[in-house]
Amino acid sequence: AEQFWDSFDKTIRYYEQRGKKVVVFLAPPQGVNPRACIIRPVRLTNQNICQLASEQAKVNDGPYREKMLPYLANRGTRFFDPFPILCGNQLCTVVDGQYVLWSDVGHMSQYGGQYLARRAKAELSILAGPDRQ
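Residues numbered from 1 in each chain as written. Predicted model: local features only at pLDDT ≥ 70, side-chain atom pairs only at ≥ 80, totals over all residues. Heavy atoms only, no water.

**Describing the side chain of Ser54**
Part 1 of the argument: By secondary structure assignment, the location of Ser54 is in helix H2 (residues 54-61).
Part 2 of the argument: Polar contacts involving the side chain of Ser54 include one to the main-chain amide nitrogen of Leu91, which spans 3.3 Å.
Part 3 of the argument: If sequence neighbours within four positions are ignored, Ser54 has contacts with Phe83, Cys87, Gly88, Asn89, Gln90, Leu91 and Cys92. (Helix = DSSP H or I, 4+ residues; strand = E, 2+ residues; numbered from the N terminus. Polar contact = N/O pair within 3.5 Å; in protein donor to acceptor, adjacent residues only side chain to side chain. Contact = heavy atoms within 4.5 Å.)

**A look at the state of the cysteines**
Two cysteines whose sulfur atoms are joined by a covalent bond form what is called a disulfide.
Part 1 of the argument: The tally for this structure, following the rule as stated, stands at 2 disulfides.
Part 2 of the argument: Between the sulfur atoms of Cys37 and its disulfide mate Cys50 the distance is 2.0 Å. The S-S bond linking Cys37 to Cys50 shows a torsion near 95°; that makes this disulfide right-handed. Placement of Cys37 in the loop between strand S1 (23-25) and strand S2 (52-53) and of Cys50 in the loop between S1 and S2 is noted, with a sequence separation of 13 residues between them.
Part 3 of the argument: You can call Cys37 buried: its relative accessible area is 13%.
Part 4 of the argument: In this model, Cys87 is linked to Cys92 through a disulfide, with the two sulfur atoms separated by 1.9 Å. (Disulfide = S-S within 2.5 Å. Buried < 20%, exposed > 50% of the residue type's maximum accessible area, 1.4 Å probe, protein only.)

**Focus: the pattern of salt bridges**
Part 1 of the argument: Summed over the entire model, instances satisfying the criterion amount to 7 salt bridges.
Part 2 of the argument: Measuring nitrogen to oxygen at the nearest pair gives 3.2 Å for the salt bridge that ties Lys10 to Asp6. Here Lys10 pairs with Asp6, and both are found in helix H1 (residues 2-17), just 4 residues apart, close to one helical turn.
Part 3 of the argument: Asp81 serves as the salt-bridge partner of Arg65, at 2.9 Å between the closest nitrogen and oxygen. Of this pair, Arg65 sits in helix H3 (residues 64-75) while Asp81 sits in the loop between strand S3 (78-80) and helix H4 (83-86); the two residues are 16 residues apart in sequence, bridging distant segments of the chain. Taken as a pair, Arg65 and Asp81 share a single burial class, namely buried.
Part 4 of the argument: Several salt bridges converge on common partners, so that one network encompasses Asp61, Arg65 and Asp81. (Salt bridge = Lys/Arg side-chain N within 4 Å of Asp/Glu carboxyl O.)

**Brief notes about H3**
Part 1 of the argument: When the terminal C-alpha atoms of H3 are compared, their 17 Å separation across 12 residues agrees well with the 16 Å that a helix rising 1.5 Å per residue should span.
Part 2 of the argument: Looking only at H3, the buried set comprises Arg65, Met68, Tyr71 and Leu72. One side of H3 carries all its buried residues, which in axial view fall inside an arc of 140°. The exposed residues of H3 that point more than 90 degrees off its buried face are Glu66, Ala73 and Asn74.
Part 3 of the argument: Against H1, S1, H2, S3 and H4 lie the buried residues of H3. (Expected span 1.5 Å × (residues − 1). Arc of directions from axis to C-beta.)

It is worth stressing that arrangement in space is one thing and function is another; only the former is reported here.
Written out as structure tokens, the structure is:
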């Protein structure tokens, strides 16, 4: 873990020293089982297993955001966090209509990326700056 933080810090400093605008994109919530979202003719349970509780997503994150957010704030480095967009108080968004937003436990599908981009358009535009809107 210390190697990661050391390398991450050096990378940010490297680009900032060269006059680059650094924006860190945090990982989306982890732990979705997209295979459970596929509608099947026979189900062995009535439980909706195509859900991810927001609290479980926070547990899955571990100390990642706890350490990353203060680090970025102290450096004044801008960041984009998809967690608030994808997760409400109770559940994280896993499907949109018939589309599953995840391709596996830790990666969003192409549609999921587009879904996130649509909902975060204003925030992403601000992070990109006036010359990139």
